[in-house]
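Observations on the three-dimensional arrangement
Chain by chain, the residues:
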Amino acid sequence: MMKCLPVLIFVLLGSFVQIARADGGVVLFQQTSAAFTITLFSTEMPLRPGVADLSVLLEQSDGSSPILDGRVFIELQHEAGTIIRAEATRSQARNKLLYCTLTNLPKSGQWKMRLHVTRGESRAEVFSDLLVAAPQPVLVSYWQLFALPPVTITLFLINQWLRRRRFNRVVL
């Protein structure tokens, strides 16, 4: 039993780790226009109401090398008529190959997105639909915090039980 305990602890602690994502992003869509290949990333999938981190990778369509001197504008229009406009910049991004904007999505539902990209004389516009899911209940959002105390107490109780068992064997 003592040999299995570290494995058990490792498995239990591993269950609290979220899925690792490269650069923290999920690809929402990728489209190629005449001058650019445009890829849109988000930090969470599905998108939910609240602040959304939208990042754009802008590449040359012929060689897939990143473009670092472009301008990226994002326009989101909700099915109820709400319009959000933002400029994605490299200064807001952690990964300096991406153009990023933190956009507040006030409602769930279907959104139409228009990405307008310019670089010198080259221009491109791409359109896509985004689905913003309903907000998660608070308990579901923070389940890991609520689960930590009972797991810690259970591990402590197992530790004490095993120590007593070992002590009783030595005494007898």
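Residues numbered from 1 in each chain as written. Predicted model: local features only at pLDDT ≥ 70, side-chain atom pairs only at ≥ 80, totals over all residues. Heavy atoms only, no water.

**What about the confidence of the model for the protein?**
Interpreting fine coordinate detail is not advised for predicted regions of low pLDDT. Of the residues in the protein, 84% reach a pLDDT of 70 or more, and the chain-wide mean stands at 84. Summarising per-element confidence for the protein, the mean pLDDT is lowest in helix 1 (residues 5-14) (63) and highest in strand 4 (residues 71-78) (95). With pLDDT under 50 throughout, residues 18-22 is counted as low confidence; its partners more than four residues away or in other chains account for 4 contacts. (pLDDT = per-residue confidence, 0-100. Helix = DSSP H or I, 4+ residues; strand = E, 2+ residues; numbered from the N terminus. Contact = heavy atoms within 4.5 Å.)

**Points about the pattern of salt bridges**
Taken as a whole, this structure holds 6 salt bridges when the rule is applied. A salt bridge links Lys112 to Asp129; the shortest N-O distance between them is 3.2 Å. Of the two residues, Lys112 sits in strand 7 (residues 109-119) while Asp129 sits in strand 8 (residues 122-132), which places them 17 residues apart along the sequence. Connected through shared salt-bridge partners, Glu75, Arg85, Arg114 and Glu125 make up one network. (Salt bridge = Lys/Arg side-chain N within 4 Å of Asp/Glu carboxyl O.)

**Quick notes on the pairing of strand 5 (residues 83-88)**
Of the two faces of strand 5, only the one carrying Ile84, Ala86 and Ala88 is buried; Ile83, Arg85 and Glu87 on the other face are not. Note: strand 4 against strand 5, 6 bridges, orientation antiparallel. Residue pairing for strand 5: Ile74 is matched across the bridge by Ala86. As consecutive antiparallel partners, strand 4 and strand 5 are separated by 4 residues, and within that stretch Gly81 has a phi angle of approximately 110°, a positive value. (Buried < 20%, exposed > 50% of the residue type's maximum accessible area, 1.4 Å probe, protein only. Pairing = 2+ DSSP bridges.)

**Notes on the sheet that holds strand 6 (residues 98-105)**
In space, the 4 strands of this open sheet follow the order 1-2-3-6, with antiparallel pairing throughout. One side of each edge strand has no neighbouring strand; the edge strands of this open sheet are strand 1 (26-32) and strand 6. When strand polarity is set aside, the average angle formed by the axes of neighbouring strands in this sheet is 20°. As paired elements, strand 2 (residues 36-42) and strand 3 (residues 50-60) share 7 bridges and run antiparallel to each other. What sits directly across from Phe41, in strand 3, is Ser55. (Axes fitted to C-alpha atoms, helices over the stretch in contact; angles between N-to-C directions.)

**Side note on the environment of Gln92**
Checked against the element boundaries, Gln92 lands in the loop between strand 5 and strand 6. Of the residues examined, Gln92 reaches a relative accessible area of 41% and is grouped as partly exposed. Among the polar contacts listed, one links the side chain of Gln92 to the side chain of Thr89, at a separation of 3.5 Å. (Polar contact = N/O pair within 3.5 Å; in protein donor to acceptor, adjacent residues only side chain to side chain.)

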